Amino acid sequence: MKQEPVVLGFETSCDETGVGIVRGHTLLADALATSMAEHERFGGVVPEIASRAHLEAMVPTVHRALADAGVRASDVDAVAVTSGPGLTGALLVGVAAAKAYALALDRPLYGVNHLAAHVAVDELQHGPLAEPSIAMLVSGGHSSLLLVPDLAQEVQSLGRTIDDAAGEAFDKVARVLGLPFPGGPPIDRAARDGDPSAIAFPRGLTGSRDPAYDFSFSGLKTAVARWVEARQRAGEAVPVADVAASFQEAVADVLTAKAVRACRDHGVDHLVLGGGVAANSRLRALAEERCAAAGIVLRVPSPRLCTDNGAMVAALGSRLVAASVAPSAPDLGADSSLPIDVVSR
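The residue numbers shown here count from 1 along each chain, following its written sequence. Only residues with pLDDT of at least 70 get local features here, since the model is predicted, and only at 80 or more are side-chain atom pairs given and counted; chain-wide, interface and lining totals rely on the full set of residues. In computing side-chain values, all of the structure's heavy atoms are included and hydrogens and water are not.

A. Here's a closer look at the overall build of the chain. The helix and strand tally for the chain stands at 12 helices and 10 strands. Using C-alpha atoms as the atom set, the radius of gyration is obtained and then compared with a globule rule of 2.2 Å times the number of residues to the power 0.38. Against the globule reference of 20 Å for 345 residues, the chain gives a C-alpha radius of gyration of 20 Å, in line with a compact fold. Reported as C-alpha extents along the three principal axes, the dimensions of the chain are approximately 65 × 45 × 30 Å. Here the chain holds 345 residues, and 53% of them are scored as buried. Two residues qualify as a contact provided that any one of their heavy atoms is within 4.5 Å of a heavy atom in the partner residue. Here the contacts in the chain between residues at least 6 apart in sequence split such that 73% fall between residues at least 24 apart. Residue-level accessible areas treat just the shown protein chains as cover; the underlying method is Shrake-Rupley with a 1.4 Å probe. By element, 51% of the accessible surface of the chain is carried by carbon and sulfur atoms, the whole surface being about 14200 Å². When the 29 basic and 40 acidic side-chain charges of the chain are each reduced to a single mean position, those positions are 2 Å apart. A run of H or I in DSSP becomes a helix once it reaches four residues, and a run of E becomes a strand once it reaches two; helices and strands are each numbered from the N terminus. For each residue, the accessible area found with a 1.4 Å probe, counting protein chains only, is set against the maximum for its type, and the residue is called buried under 20%, exposed over 50%, and partly exposed in between. Only four residue types enter the charge count, namely Lys and Arg as positive and Asp and Glu as negative; His and the chain termini do not. Each charge is placed at NZ for Lys, CZ for Arg, CG for Asp and CD for Glu.

Written out as structure tokens, the structure is:
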């Protein structure tokens, strides 16, 4: 009996150099290198630093992935790579590397959408995706609600970030509170000792006249900063745990309410949660609570698979191979603003 094809995936859209290997829906390897420590002193990702770090990490990360998977390069049946959206320079490193491996191995190449890959990675943990599904992707650069009728061919945007994405708001609020970068994990930890109802922070774009599925966390970020500044001007101590918990609750409240609403409005009973912010403990707990109450099946990958990684790219590549989607042309390039409805190119 012929085994399912082995797919090698490359992810370099931001500061993580990810190389994943899958066979069908089975994860064989997920090797990762990060340049996060090099960006920390700048309070955000510096594109040039990220690109150079990808160049240095690429070949060692591929070798580690092959060793972890117990396969040789010649065992690979197809190559997949994030071709957008993301940082242009960083994307170019991954695309160039993937094209080189595909050419050297004489294997088909698939340029895939970073956001669709965040949905596909769940199949490595929970099996084939129910179609249609609603997907909510929450990261440093994106807060997106998607309708997924067919992950290999059709993904529709229902809503997106208008200004600050949820992950960006976490980073900025962490800076205001004197917490480390990136802000997601420190705020999550601080919030465990806080009261989520201590401060009534605003819920953006939740009025009756606001877009049903779009997101805005700029006002929330500003409200937190002003609240903290007012305490400091008054010479009062800032209750970091309460601020973190109240801010985190506001983000989770808006995200989960809109996701459940999208499921109800479109008659879909499966919700996939993905992206780096999906590792947040309160977001996961509130999503589980609200989905259970609404009769919606919630699928959330493990925290490691929520953040950017090569496994998610390989997973989407595997779906494309299984669906007999045509591979990319040899002149595949990077597209920093690749729209979500373009699953592969």
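That covers the picture; the talk isn't over yet.
B. Main features of the packing of aromatic side chains. Pairing of aromatic side chains here covers Phe, Tyr and the six-membered ring of Trp, requires ring centres within 6.5 Å, and sorts the geometry by plane angle: under 30 degrees stacked, over 60 edge-to-face, intermediate tilted. The tally for this structure, following the rule as stated, stands at three aromatic pairs. With centroids separated by 6.3 Å and ring planes inclined at 10°, the aromatic side chains of Phe215 and Phe217 adopt a geometry described as stacked. Per residue, the accessibility class of Phe215 equals that of Phe217, and both read buried. Positioned over the ring face of Phe215 is Lys258, at 5.8 Å from the centre of the ring. Two conditions define a charge sitting above a ring: the NZ of Lys or the CZ of Arg must be within 6 Å of the ring centre, and it must be within 35 degrees of the ring normal.

C. Broad picture of the layout of surface pockets. If you add up the space inside the largest pocket, you get close to 1100 Å³. Definitions used throughout: a 1 Å grid over protein atoms alone; a cavity as a set of points that fits a 1.4 Å probe which cannot get out; a pocket as an open set with protein on both sides within 12 Å along at least five of seven lines; a lining residue as one with an atom within 4 Å of a point. Taken together, 36 residues line the largest pocket, and the ones lying closest to its centre are Asp15, Ser139, Gly140, Gly141 and Asp171. If you list the elements that add at least two residues to the lining of the largest pocket, you get helix 6 (166-176) and helix 7 (184-191). For the lining of the largest pocket, the element with the highest residue contribution is helix 6, accounting for six residues. Amino acid classes used here: Ala, Val, Leu, Ile, Met, Phe, Trp, Tyr, Cys and Pro are nonpolar; Asp, Glu, Lys and Arg are charged; the rest, including Gly, are polar. Looking at the lining of the largest pocket, its residues break down into 13 nonpolar, 15 polar and eight charged. Grid points are joined across faces, edges and corners, and a volume is the space filled by probe spheres set on the points.

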